[in-house]
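# Working through the structure, step by step
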Amino acid sequence: MSGLNTLTLAEARDGLRARDFTAVELTEACLGAIDAGRALNAVVHATPDIARAQAIAADARIAGGDAPAMCGLPLGIKDLFCTKGVPSQAASNILRGFKPEYESTVTAKLFGAGAVMLGKLNMDEFAMGSSNETSCYGNAVNPWKVDDRLLTPGGSSGGSAAAVAADLCLAATGTDTGGSIRQPAALTGIVGIKPTYGRVSRWGIVAFASSLDQAGPMTKTVRDAAIFLGAMAGHDPQDSTSADIPVPDFEAMCTGDIRGRVIGIPREYRMEGMPAEIDALWDKGVAMLRDAGAVIRDISLPHTKYALPAYYVIAPAEASSNLARYDGVRFGHRAKLAQGDGITDMYEKTRAEGFGAEVQRRIMVGTYVLSAGFYDAYYNRARRVRALIKRDFDLAFADGVDAILTPATPSAAFGLGEMASADPVEMYLNDVFTVTVNLAGLPGISVPAGLDAQGLPLGLQLIGRPWDEGGLLNVAYALERAAGFVAKPAQWW
Amino acid sequence: MSGIDIDTARKVAHLARIRVAPEALPKLAEQLSGILAFMEQLNAVDVTGVEPMTSVTPMRLKRRADVVTDGDRQAAVLANAPDAREGFFAVPKVVE
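Anyway, here's the lowdown on the structure attached to this text. (Residues numbered from 1 in each chain as written. Chains lettered and ligands numbered in written order. Predicted model: local features only at pLDDT ≥ 70, side-chain atom pairs only at ≥ 80, totals over all residues. Heavy atoms only, no water.)

### Here's the deal with the overall build of chain A
Filter applied, for reference: Segments assigned H or I by DSSP are reported as helices when at least four residues long, segments assigned E as strands when at least two residues long, and all are numbered from the N terminus. Atoms considered for the radius of gyration are the C-alpha atoms alone. The globule rule reads 2.2 Å times the number of residues to the power 0.38. Categorising residues by exposure relies on relative accessible area from a 1.4 Å probe, with only protein chains included: less than 20% of the type maximum marks a residue as buried, more than 50% marks it as exposed, and the intermediate range marks it as partly exposed. The contact definition used throughout considers only heavy atoms, calling two residues in contact when any of these lie within 4.5 Å. Only four residue types enter the tally: Lys and Arg on the positive side, Asp and Glu on the negative side; His and the chain ends are excluded. All charge positions are set by atom: Lys at NZ, Arg at CZ, Asp at CG, Glu at CD.
Each helix and strand counted, chain A has 16 helices and 11 strands in total. Here chain A has a C-alpha radius of gyration of 21 Å; the compact-globule value for 493 residues is 23 Å, and the two agree. Taking the principal axes of its C-alpha atoms as reference, chain A extends roughly 70 × 55 × 50 Å. In chain A, which comprises 493 residues, the proportion classed as buried is 65%. Long-range pairs, those at least 24 residues apart, make up 76% of the contacts in chain A between residues at least 6 apart in sequence. With 45 positive and 54 negative side-chain charges, chain A shows a spacing of 3 Å between the two charge centroids.

Written as structure tokens, this is what we have:
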């Protein structure tokens, strides 16, 4: 059978249960697509043996009538997740050769639900980047293409986005610290949701900035995101910030009925110099939600413009602390030492060799803002501003707003290498619409909503109330139906 | 709070335990200065009376009984070590 790799999770689940095809056939279709899709550099450690064994087990479960949500569905796993016995190196040379002795909570839950792992996916090193150009594996490539340039799939979950958009897998895990699920989803025409902070366990996911990191699904449709999120979410005693609250049936909440829902349109997201196309798409999104019966309300989130600078204090500060563990002692790379080198030489050489330029920069920025004399001026000030950014959202929600509609990214996908000579800060601007959501701990989803004049996908972002992923997915479902985005990249690879 | 000079860049690199070649320090200082300049927008915000955020979702951290729940995994703990000997992580001689 061919073409099974193009199915959505919902279609594949239903097809497996109806015995239209087997999990083994579905898995083989994806493995074939991965082989044919090497030019995208999305899959960096394929795991066909594991996939085939899991598919056989899934078929047995389905035959036995025991088929949980994800049973037999082939997924890609971002390289940031620790998977037992399988390379998990956060796209960094410092973790070259690292094979975890344990399984992350998310992948353990997915495998427990019968999911199939096709392989580990490319990403920016330690999830630090917005274009998948900081990876030790080289760039992941966007399957969308309009001329002879290769385009970025976005970052940091660029491999996940490229793999899903190119039908190498049915869906993939991503992680989002400042927009790393939503921005690549928008740039590749797929759906990506960052759940409320605490909804999904962080245990076994290589840490970047612990107060901002959340894992979430990257899928072809909103319904798939609901199915997948249900399988990832839930309380985990191994993550002290994991919330002990029930996980509702997200899929059942996707009815598309949003009559009377109040959608906030924040005026501060209309940025100076924003491309007219992004503005027009946003207006179109407003009209679609209004037509679906939602109440549109202009709102103000006055501290929005301070979100990026606050983020670029807080995230590097936490990263400098989290990444202190890569010291050449317990795992990963250790530099070759010269005669007479002491332990400090070992640390310094190991970290200089193992970390790429952007990771080094962020560790040093974090070290600086946490150092004596600057802690108050930078780090504590940023945490105060963060409290204000969250308060902006709290006030809007207290005022009756159910969800907030914004653009997902300031532009469509750009060419790989085009930002090479840019200032690091210019790359940071990619996160301008997404980073507020991480700072406030809210759920946010990117939904493909149209194509730009060149024919590249653009996304809209919806932001929800804390723990209301169900309501958020429902608004996203209504938006998806109204937008009717069905375009797929033409296969050139 | 202004730019980072070459001496500061060298100090920060050492605090971060990342070896930076002397010839790479000027460029590093310039990039770090650019990032810090970007952060200085935060000085425009009135944060009087605002507490620094400690937890984004108001939650009381769970407690559990103070008992051993894990252990006896020496081989697994050492499995990924670049250098392990006789059940220990091995590092260069430390003489202070």
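### Structural notes on helix α11 (residues 343–354) of chain A
In plain terms, the rule: Take the number of residues in a helix, subtract one, and multiply by 1.5 Å to get its expected span.
Under the 1.5 Å per step criterion, the end-to-end length of α11 of chain A is 16 Å for 12 residues, consistent within 8% with the ideal 16 Å. By the burial criterion, the buried members of α11 of chain A are Ile343, Met346, Glu348, Thr350, Arg351 and Gly354 of chain A. Taken together, the buried residues of α11 of chain A touch α12 (357–370) of chain A together with α1 (6–15) of chain B.

### Description of the packing of α1 of chain B against helix α2 (residues 25–39) of chain B
All names here are of chain B. Formally: Helix axes are fitted to C-alpha atoms over the stretch in contact, other axes to C-alpha atoms as well, and angles between N-to-C directions run from 0 to 180 degrees. Geometric relationships in this document are graded by angle, where less than 35 degrees denotes roughly parallel, more than 145 denotes roughly antiparallel, 65 to 115 denotes roughly perpendicular, and other angles denote oblique. Gly is placed with the polar residues, together with every amino acid not listed as nonpolar (Ala, Val, Leu, Ile, Met, Phe, Trp, Tyr, Cys and Pro) or charged (Asp, Glu, Lys and Arg).
Relative orientation of the contacting elements α1 and α2 amounts to 90°, with a least axis distance of 9 Å. Classed by the angle they form, the pair α1 and α2 counts as roughly perpendicular. Judged by residue contacts, Ile6, Ala9 and Arg10 of α1 engage Leu25, Pro26, Leu28 and Ala29 from α2. The residue inventory of the contact of α1 with α2, partitioned by class, reads 6 nonpolar, no polar and 1 charged.

### What to know about the side chain of Arg383 of chain A
Condition: We define a salt bridge as a side-chain nitrogen of Lys or Arg found within 4 Å of a carboxyl oxygen belonging to Asp or Glu.
Looking at where Arg383 of chain A falls in the secondary structure, it is placed in helix α13 (residues 375–398). Look at Arg383 of chain A: it is buried, it has no salt bridge, and the nearest opposite charge is Asp376 of chain A at 7.2 Å. Among all residues touching Arg383 of chain A, those that are not within four sequence positions of it are Ile314 and Tyr375 of chain A together with Glu51, Pro52, Met53 and Thr54 of chain B.

### Quick word on the interface of chain B and chain A
Often, the extent of an interface is quoted as the loss of accessible area on bringing the components together. Selection rule: Throughout, the accessible surface (probe 1.4 Å) given up by two parts as they are put together, summed over both, is called the buried area.
With 50 residues of chain B in contact, the opposing surface of chain A contributes 65 residues. Both faces combined, the contact of chain B with chain A buries some 5,100 Å², and carbon together with sulfur accounts for 71% of it. Between the two partners, chain B and chain A, sit 3 salt bridges. A salt bridge links Glu348 of chain A to Arg19 of chain B; the nearest nitrogen and oxygen atoms lie 2.9 Å apart.

### Details of the pattern of salt bridges
If you walk through the whole model with that rule in mind, you get 30 salt bridges over all chains. Between Asp394 of chain A and Lys390 of chain A there is a salt bridge, with the nearest N and O atoms lying 3.3 Å from each other. One end of the pair is Asp394 of chain A and the other is Lys390 of chain A, both in helix α13 and 4 residues apart, which spans about a single turn. Under the relative-accessibility criterion, Asp394 of chain A is labelled partly exposed at 34%. The partner of Arg85 of chain B in a salt bridge is Asp83 of chain B, with the nearest N and O atoms 2.7 Å apart.

### Quick notes on the side chain of Thr105 of chain A
Here Thr105 of chain A is to be found in helix α4 (residues 105–112). Once residues lying within four places of it in the same chain are set aside, the contact partners of Thr105 of chain A are Ser201, Trp203 and Asp236 of chain A.

### Side note on unusual backbone geometry
Of note, the amide linkage connecting Gly155 of chain A to Ser156 of chain A takes the cis form, showing an omega dihedral of 5°. Residue placement: Ser156 of chain A occurs in the loop between β3 (116–121) and α5 (158–165). One non-glycine residue with positive phi stands out, namely Asn41 of chain A, at about 50°. By relative accessible area, which is 22% here, Asn41 of chain A ends up partly exposed. Although it is not a glycine, Asp72 of chain B adopts a positive phi angle of roughly 55°. Examined against the element boundaries, Asp72 of chain B turns out to sit in the loop between α2 and α3 (74–78). Judged by its relative accessible area of 86%, Asp72 of chain B is exposed.

### Side note on the environment of Val365 of chain A
Take Val365 of chain A: it is sitting in helix α12. Taking relative accessible area as the criterion, Val365 of chain A reaches 5% and is therefore assigned buried. Sequence separation between Val365 of chain A and Ala317 of chain A is 48 residues, and the spatial gap between their C-alpha atoms is 7.2 Å. Excluding residues within four positions of it along the chain, Val365 of chain A makes contact with Tyr312 and Pro316 of chain A together with Leu32, Ile35 and Met39 of chain B.

### A look at the nonpolar core
Convention followed: Among buried residues, those of type Ala, Val, Leu, Ile, Met, Phe, Trp, Tyr and Cys that are joined through side-chain atoms within 4.5 Å constitute a nonpolar core.
Ranked by internal contacts, the top residues of the largest apolar core, which has 190 residues, are Met70, Leu110, Phe126, Phe393, Leu405 and Leu473 of chain A. In contact with Met70 of chain A, other than residues within four places in its own chain, are Leu9, Leu75, Leu110, Ala113, Gly114, Ala115, Ile227, Phe228 and Ala231 of chain A.

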